[in-house]
Amino acid sequence: MLELATRRETLDVVADQHGQPTWSRALARQLAALGRAALAGRAPAGIYHGTAAGRTTWCGLARETFRLSGLDPERIRPVGSDKFPRPAARPAFGVLGHGNWLRAGLEPLSPWDDQLTAALKGPEFAAPAAAARVSARRT
């Protein structure tokens, strides 16, 4: 999104698909904690959904990314999934439960917006965010 912000004034983003955007670094830490719990015999066998707490749409994620990066979130225009046909259908509601984390004595992953805030402070996003802000000032 930040890269696209340097090239386009507005962006159309899907607003009818709900999910739990998850930062890979937060997921890696969570999986390491699960591994330690499993080795200690505290993690029951089962399916663990490695997704952030809370939920949002792709549009919500994009707008929050812009807001946290100092860009105008109104540059993101909500559209339906029909504007972006895909070979495979995407679920409208892809929010998953986190009960097994609690059964293993582990807190589920933090909320998606907290993860986004932390991610955007990292060096991986510093250059695209700065470039997007410069581009936004020129238009």
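Conventions used here
- Residues numbered from 1 in each chain as written.
- Predicted model: local features only at pLDDT ≥ 70, side-chain atom pairs only at ≥ 80, totals over all residues.
- Heavy atoms only, no water.
- Helix = DSSP H or I, 4+ residues; strand = E, 2+ residues; numbered from the N terminus.
- Buried < 20%, exposed > 50% of the residue type's maximum accessible area, 1.4 Å probe, protein only.
- Contact = heavy atoms within 4.5 Å.
- Areas by Shrake-Rupley, 256 points an atom, 1.4 Å probe, with all protein chains shown as cover.
- Lys, Arg positive; Asp, Glu negative; His and termini not counted.
- Charge placed at Lys NZ, Arg CZ, Asp CG, Glu CD.
- Phe/Tyr/Trp six-rings, centres within 6.5 Å; stacked < 30°, edge-to-face > 60°.

S.K.: What's the story with the overall build of the protein chain in this structure? I'm lost.
M.R.: Regarding its fold elements, the protein chain presents six helices and four strands. Its helices and strands in sequence order give the protein chain the pattern α-β-β-α-β-α-β-α-α-α, from N to C terminus. Taken along its principal axes, the extent of the C-alpha atoms in the protein chain is 55 × 35 × 20 Å. Counting the 139 residues in the protein chain, one finds 33% classified as buried. Long-range contacts, defined as pairs at least 24 residues apart, comprise 86% of the intrachain contacts of the protein chain with a sequence gap of at least 6. When the accessible surface of the protein chain is split by element, carbon and sulfur atoms take 57% of a total near 8,300 Å². Across the protein chain, the centroid of the 19 positively charged side chains sits 5 Å from that of the 12 negatively charged ones.

S.K.: Just to check I follow, could you spell out the environment of R8 for this structure?
M.R.: If you trace the backbone, R8 turns up in the loop between α1 (2–5) and β1 (11–14). Each C-alpha atom, one on R8 and one on Q30, is 36 Å from the other, the two residues being 22 residues apart in sequence.

S.K.: Honestly, the environment of P123 in this entry has me stumped. Any pointers?
M.R.: With respect to the helices and strands, the residue P123 is situated in helix α6 (residues 123–138). P123 gets classed as exposed once you look at its relative accessible area, which sits at 69%. It is 31 Å that separates the C-alpha atoms of P123 and F84, two residues lying 39 residues apart in sequence.

S.K.: Help me understand the packing of aromatic side chains in this model?
M.R.: Two aromatic rings are characterised by how far apart their centres lie and by the angle between their planes. For the structure shown, the criterion picks out one aromatic pair. Here the aromatic rings of Y48 and W101 are separated by 5.1 Å at their centres, their planes lie at 70°, and the arrangement is edge-to-face. A residue pair is termed long-range when its members are at least 10 positions apart, and Y48 in the loop between α2 (24–39) and β3 (56–57) and W101 in helix α4 (residues 99–103) qualify at 53 residues. Under the relative-accessibility criterion, Y48 is labelled buried at 17%. Looking at W101, the relative accessible area reads 1%, which means it is buried.

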